[in-house]
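Structure at a glance
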Amino acid sequence: MAAENEAAEGLLRKRIRAFEDVIDADQLPFQPGEGFLASPTLHMCLYANVLYLIFSWFTEILLLQPRYEKMDQKYKILTQGIVTYFTVTDIIRLYLGTAGNQGKRRLLILFLALTVLLLLSSSSLVLARVTAQLSPVESNLFLAAALLQGFELILGGLALKNMQAKMKKEQEEREQAEREAAAAQ
């Protein structure tokens, strides 16, 4: 039994060495650290939000269509402005979140600020439209968007915290290397 385990272990080691010979770490298309994601969970949440944005945008347009024809001209312009504002803000927010999650701290901070702004403006819009009798579908769309954005806000904060910890660790390593270089001279 022990001889069989040793033979299987030896065979496994040979296959691992053969695999290491085929794939050299220096020949990989990306090096560890280059494709740094502060939070893979945030990244997946952003992708889900992109799909949700497309779905919710089309749904909102379809729900507004019957009401739009009955609106006054000033309300039509106001509705177009609000839909445009939310669409453009969400697209910019998702871009900043994706770019910021890849190690660009300032963009991640902008993403968090824009998320808070979008959450506040959408919640105030929902509160203002309560008297306008939102349909259950519209209420659920706003609720789902608020939940996604709230989750992204939490994940973005954690990603920012991880990024700052990584930057602090790198700074300490550089300072240690400088001290060692000064001591060697």
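Numbering of residues starts from 1 in every chain and runs along the sequence as written. Selection of residues for local features in this predicted model requires a pLDDT of at least 70, selection of side-chain atom pairs for listing and counting requires 80 or more, and totals for whole chains, interfaces and linings are taken over all residues. Processing note: side-chain calculations cover all non-hydrogen atoms of the structure and skip hydrogens and water entirely.

Considering the nonpolar core
Membership of the largest hydrophobic core comes to 19 residues, with the highest contact counts inside it found for Leu42, Leu46, Tyr52, Leu108, Phe111 and Ala159. Runs of E in the DSSP output that reach at least two residues are strands. Runs of H or I that reach at least four are helices, and both are numbered from the N terminus. Elements represented by at least two residues in this core include exactly helix H2 (40-68), helix H3 (73-101), helix H4 (105-129) and helix H5 (136-184). A total of seven residues in this core trace back to one element, the largest contributor, which is H5. Throughout, nonpolar core names a set of buried Ala, Val, Leu, Ile, Met, Phe, Trp, Tyr and Cys residues whose side chains join them through atoms within 4.5 Å. Type-normalised accessible area, obtained with a 1.4 Å probe on protein chains alone, sets the label of each residue: buried when under 20%, exposed when over 50%, and partly exposed for intermediate values.

Looking at the packing of aromatic side chains
How two aromatic rings sit relative to each other is given by the distance of their centres and the angle of their planes. Aromatic pairing here means that ring centres of Phe, Tyr or Trp (its six-membered ring) are within 6.5 Å. Orientation follows from the plane angle: under 30 degrees is stacked, over 60 is edge-to-face, and everything else is tilted. For the structure shown, the criterion picks out three aromatic pairs. With a centroid separation of 6.3 Å and an interplanar angle of 50 degrees, the aromatic rings of Tyr52 and Phe55 are classed as tilted. Of this pair, Tyr52 and Phe55 both sit in helix H2, separated by three residues, roughly a single helical turn. On the basis of relative accessible area, Tyr52 is assigned to the buried category, the value being 15%. Centroid distance Tyr85 to Phe86: 5.2 Å. Interplanar angle 65 degrees. Geometry classified as edge-to-face. Judged by its relative accessible area of 33%, Tyr85 falls in the partly exposed class. Positioned above the aromatic ring of Tyr68, the side-chain terminus of Lys76 is 5.4 Å from the ring centre. Counted as over-ring charges are cases with an Arg CZ or a Lys NZ within 6 Å of the ring centre that also lie within 35 degrees of the ring normal.

Details of a nonpolar patch on the surface
To count toward a patch, a residue needs a relative accessible area above 30% and no salt bridge. Like charges then connect within 9 Å, nonpolar side chains (Val, Leu, Ile, Met, Phe, Trp, Tyr) within 5 Å. Computed with the Shrake-Rupley method and a 1.4 Å probe, the accessible areas treat only the protein chains shown as cover for residues. Whenever a carboxyl oxygen of Asp or Glu lies within 4 Å of a side-chain nitrogen of Lys or Arg, that contact is scored as a salt bridge. Where nonpolar side chains cluster on the molecular surface, the patch consists of Val50, Ile54, Trp57 and Phe58 and spans about 370 Å² of accessible area. Within the fold, Trp57 resides in helix H2.

Quick look at the packing of H2 against H5
The axes used here are C-alpha line fits, helices contributing only the stretch in contact, and every angle between their N-to-C directions lies in the interval 0 to 180 degrees. As a packed pair, H2 and H5 sit with axes 10 Å apart at the nearest point and diverge in direction by 160 degrees. Judged on the interaxial angle alone, H5 and H2 are roughly antiparallel. Taken as a pair, H2 and H5 cross one another with a handedness that is left-handed. Looking at the contact of H2 with H5 residue by residue, the class counts come to 15 nonpolar, seven polar and four charged. An angle counts as roughly parallel when it lies under 35 degrees, as roughly antiparallel when it exceeds 145, as roughly perpendicular when it falls between 65 and 115, and as oblique in every other case. By convention, the crossing between two helices is left-handed when the near helix turns anticlockwise from the far helix through less than a right angle, and right-handed when the turn is clockwise. In this classification, the charged set is Asp, Glu, Lys and Arg, the nonpolar set is Ala, Val, Leu, Ile, Met, Phe, Trp, Tyr, Cys and Pro, and all remaining amino acids, among them Gly, are polar.

Some thoughts on the pattern of salt bridges
When their charged atoms lie close together, side chains carrying opposite charge are able to pair. Taken as a whole and judged by the stated rule, the model has four salt bridges. Measuring nitrogen to oxygen at the nearest pair gives 3.9 Å for the salt bridge that ties Arg179 to Glu175. On the criterion of helical spacing, the pair formed by Arg179 and Glu175 is a turn pair, its members being four residues apart in helix H5. Overall, Glu175 belongs to the partly exposed group, its relative accessible area being 33%.

Details of H5
Residues that lie three or four places apart on an α-helix share one face, since the helix turns once every 3.6 residues. The span you would expect from a helix comes to 1.5 Å times its residue count less one. Taking 1.5 Å per residue as the helical rise, H5 with its 49 residues ought to reach 72 Å, and the 71 Å between its terminal C-alpha atoms agrees with that figure. The set of residues buried in H5 consists of Glu138, Leu141, Phe142, Ala145, Leu148, Gln149, Glu152, Leu155, Gly156, Ala159, Leu160 and Met163.

What about the side chain of Lys76?
For Lys76, the location among the structural elements is in helix H3. In summary, the charge assignment counts Lys and Arg as positive and Asp and Glu as negative, without counting His or the chain termini. Buried within the structure, Lys76 lacks any salt-bridge partner; Glu69 is the closest side chain of opposite charge, at an N-O distance of 8.3 Å. Whether two residues are in contact is decided by their heavy atoms: any pair within 4.5 Å suffices. Once residues lying within four places of it in the same chain are set aside, the contact partners of Lys76 are Tyr68, Glu69 and Met71.

Examining the confidence of the model for the chain
Summarising the model, the chain shows a mean pLDDT of 76, and 78% of its residues fall at 70 or more. At the level of individual helices and strands, the chain shows its lowest average pLDDT in helix H1 (residues 2-22), which scores 64, and its highest in H3, which scores 84. With pLDDT under 50 throughout, residues 22-33 is counted as low confidence; its partners more than four residues away or in other chains account for four contacts. The predictor attaches a confidence to each residue, called pLDDT, with possible values from 0 through 100.

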